Amino acid sequence: MEKILVTGANGLLGQSIIRQLSGKNYKVVATGRGPDRIDGKFKGGYFYEAIDITDGPAIEKFILDQRPDIIVHAAAMTQVDQCELNKQDCYNINVTATRFIIDAAKAINARFVFVSTDFVFDGNNGPYTEGDEPAPVNYYGSTKMVAEKAVMESGLNWAIARTILVYGVAPTSGRSNIIGFVKDNLEAKKPIRMVTDQVRTPTFVDDLAAGILLIIEKKKQGIYHLSGEEVMTPYDIAIEAAKYFGLNQELISRSTSEEIKQPAVRPVKTGFNISKAKKELGYQPKSFREGLEALFG
Ligand SMILES: NC(=O)c1ccc[n+]([C@@H]2O[C@H](COP(=O)([O-])OP(=O)(O)OC[C@H]3O[C@@H](n4cnc5c(N)ncnc54)[C@H](OP(=O)(O)O)[C@@H]3O)[C@@H](O)[C@H]2O)c1
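To keep things clear, this report deals only with the structure shown in the data block. (Residues numbered from 1 in each chain as written. Predicted model: local features only at pLDDT ≥ 70, side-chain atom pairs only at ≥ 80, totals over all residues. Heavy atoms only, no water.)

## Observations regarding empty space enclosed by the protein
Consideration 1: If you walk through the whole model with that rule in mind, you get 1 cavity of 30 Å³ or more.
Consideration 2: In this structure, the largest cavity spans a volume of roughly 30 Å³.
Consideration 3: Forming the boundary of the largest cavity are Arg111, Phe112, Val113, Asn157, Trp158, Ala159, Ile215 and Lys220.
Consideration 4: Mapped by element, the contributors of at least two residues to the lining of the largest cavity are strand S5 (111–117) and strand S6 (158–163). (1 Å grid on protein atoms, 1.4 Å probe; cavity = no way out; pocket = protein on both sides within 12 Å on 5 of 7 lines; lining within 4 Å. Points joined across faces, edges and corners; volume = space filled by probe spheres on them. Helix = DSSP H or I, 4+ residues; strand = E, 2+ residues; numbered from the N terminus.)

## Concerning the sheet that holds strand S4 (residues 70–73)
Consideration 1: As summarised here, the arrangement of the 7 strands in space is S3-S2-S1-S4-S5-S6-S10, forming an open sheet in which the pairing is parallel. Each edge of the open sheet is held by one strand with a lone partner, namely strand S3 (46–50) and strand S10 (222–225). The sheet shows a mean angle of 20° between the axes of neighbouring strands, direction not considered.
Consideration 2: Taken together, the 4 bridges between S4 and S5 define a ladder with parallel strand orientation. Bridge pairing links His73 to Phe114 in S5.
Consideration 3: Sitting on the sheet, helix H1 (residues 12–21) touches strand S1 (3–7), strand S2 (27–32), S3, S4 and S5, and the angle it makes with S1 is about 160°. (Pairing = 2+ DSSP bridges. Axes fitted to C-alpha atoms, helices over the stretch in contact; angles between N-to-C directions. Contact = heavy atoms within 4.5 Å.)

## A closer look at the state of the cysteines
Consideration 1: In the structure shown here, the tally under the stated rule is 1 disulfide.
Consideration 2: Across a sulfur-sulfur distance of 2.5 Å, Cys83 and Cys90 are joined as a disulfide pair. Around the S-S axis, the bridge from Cys83 to Cys90 shows a dihedral of about 80° and counts as right-handed. For the residue pair Cys83 and Cys90, the accessibility class agrees, reading buried in each case. (Disulfide = S-S within 2.5 Å. Buried < 20%, exposed > 50% of the residue type's maximum accessible area, 1.4 Å probe, protein only.)

## Things to note about the pairing of S6
Consideration 1: Burial analysis of S6 places 6 of its 6 residues in the buried class, the great majority of the element.
Consideration 2: What you see with S6 is no split at all: Trp158, Ile160 and Arg162 on one side and Ala159, Ala161 and Thr163 on the other are buried throughout.
Consideration 3: Both S5 and S6 contribute to a ladder of 6 bridges, which runs parallel. The residue bridging Ser116 from the neighbouring strand is Arg162, located in S6.
Consideration 4: Between the parallel elements S5 and S6, the chain passes through helix H5 (residues 139–152) in a crossover that is right-handed.
Consideration 5: Note that S6 and S10 share 4 bridges and pair parallel. Bridged to Arg162 within S10 is His225. (Right-handed = clockwise from strand over helix to strand, strands pointing away.)

Okay, here's the thing in structure tokens:
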């Protein structure tokens, strides 16, 4: 039985991967920062160890002791504005720690699946295919691009799964995402401003996790774009979510990126062409509405 190691196991994606692996024929090893916060319903069936991945000797020893056949590296500093404000932390987590994990993977010849982002692109020409040239516009995107290069040049058997604006429910992850933000605010009758000048193809976290497992099961290498298929702005997402939950759409006002003034610049129009993943993996994401039904239906 093959052994899979998942980093970032306490996160939104990590928890979904662990949940989906629980029904499959793999030994599962999970690691995260601090204690195991993977949703209690899915406890068991995996071994967890708390490791800060920026502690090179600790993560390398763990990997060499565990000797996984496959490493899914999902841990990252994902808060885009925090990355802009704390560049050193962002680099240490997203680049240096990725290099530690790559080095350990090389020592045991593990297959390596790296999770990356649409923010490697500049947003001038979306939707993007796997062959398009990265040109990040913010620090987070730059670190993910540098980490991607390290993966590609590693000599490992590698795959990179890029994704976009992931939504789901993982209260124990300690972080919200666009759906939680909209739902919580509208339920509290608080007005929200959502931008109309950014374009994305939002991704249901369980679709992304399923796509990553398809990459593993089909032993695929190379880059795969795994996102939803619907082109939406954050404003569209908020309106659709409000309609689904029967919450007051009038609390949602249109805004522009300029007006919101976030520390990190966002790429304007990303979105993915997911034809490669559909054809080669049999990846088929849910519609946004179906994603909401799967989460809250
Ligand atoms: N969410 C999105 O919209 C999105 C879009 C594109 C790409 N991605 C990529 O998808 C992957 C998964 O992200 P996600 O959505 O699951 O985000 P997440 O919920 O923020 O999960 C990331 C996890 O990484 C962990 N981590 C951060 N620094 C660490 C460190 N030094 N040592 C150990 N663990 C550390 C975090 O731990 P703590 O919980 O303790 O902070 C967190 O659990 C990331 O590679 C991200 O770049 C996400």
